[in-house]
Amino acid sequence: QVQLVESGGGLVQAGGSLRLSCTASGRTFSSYSMGWFRQAPGKERELISGINWRPSNVYYVDSVKGRFTISRDNAKNTVYLQMNSLKAEDTAVYYCAAARLGGSYYRSGDYDYWGQGTQVTVSS
């Protein structure tokens, strides 16, 4: 079983930046694909970024491409989401997630483990 602990959410003005962190526990952490989801009010939870055990394999939804960067540090069992040029429409609860063993980083249905979520609010 994988346990996830998130940090880094908060309030920021449009154009600003935030960095989310997620620390995971569980054996063979480096073998897990990791991702970030978000859920805005009235909308379904959406996979916005994922990363494979090979950090060169990354996925971004079009709406964040070029602004957000996902990375991982396997020695620290941590995945990050650097969010730049934030927009009001980025306001949502952000969730760290880990895929099942053998799961794909770009497939939302392969994620089985979840953090508690952290609120990101971007003011215009």
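Below you will find a few notes about this structure. (Residues numbered from 1 in each chain as written. Predicted model: local features only at pLDDT ≥ 70, side-chain atom pairs only at ≥ 80, totals over all residues. Heavy atoms only, no water.)

Some points on the sheet that holds strand 3 (residues 18–25)
One key point about sheets: their strands pair by backbone hydrogen bonds, in either a parallel or an antiparallel sense.
And step 1. Spatial ordering of the open sheet is given by 1-3-8-7, a layout of four strands whose pairing is antiparallel. The sheet is open, and its two edges are formed by strand 1 (3–7) and strand 7 (68–73), each paired on a single side. Ignoring strand direction, the axes of neighbouring strands in this sheet form an average angle of 15 degrees.
And step 2. Pairing of strand 3 with strand 8 (residues 78–83) involves six bridges; the strand directions are antiparallel. Paired with arginine 19 across the strands is glutamine 82, a residue of strand 8. (Pairing = 2+ DSSP bridges. Helix = DSSP H or I, 4+ residues; strand = E, 2+ residues; numbered from the N terminus. Axes fitted to C-alpha atoms, helices over the stretch in contact; angles between N-to-C directions.)

Overview of the environment of glutamine 1
And step 1. With respect to the secondary-structure elements, glutamine 1 resides in the segment before strand 1.
And step 2. Given the relative accessible area of 76%, glutamine 1 is considered exposed.
And step 3. Sequence separation of glutamine 1 and arginine 100 is 99 residues, and the distance between their C-alpha atoms is 9.4 Å. (Buried < 20%, exposed > 50% of the residue type's maximum accessible area, 1.4 Å probe, protein only.)

Re the packing of aromatic side chains
Describing an aromatic ring pair means giving the distance of the ring centres and the angle of the ring planes.
And step 1. Following the criterion strictly, the structure yields three aromatic pairs and no others.
And step 2. Here phenylalanine 37 and tyrosine 111 contribute two aromatic rings whose centre-to-centre distance is 5.3 Å and whose plane-to-plane angle is 85 degrees, an arrangement assigned as edge-to-face. Here phenylalanine 37 is found in strand 4 (residues 34–39), whereas its partner tyrosine 111 is found in strand 10 (residues 111–114), with 74 residues between them in sequence.
And step 3. In this structure tyrosine 111 comes out as buried when scored by relative accessible area, which is 4%.
And step 4. Here the aromatic residues Phe37, Tyr111 and Trp114 are joined through ring pairs into a cluster of three or more.
And step 5. The aromatic ring of tyrosine 95 is capped on one face by arginine 45, whose charged end is 4.0 Å from the ring centroid.
And step 6. One Lys or Arg, arginine 45, reaches over the ring of tryptophan 114 and ends 4.9 Å from the middle of that ring. (Phe/Tyr/Trp six-rings, centres within 6.5 Å; stacked < 30°, edge-to-face > 60°. Lys NZ or Arg CZ within 6 Å of the ring centre and 35° of its normal.)

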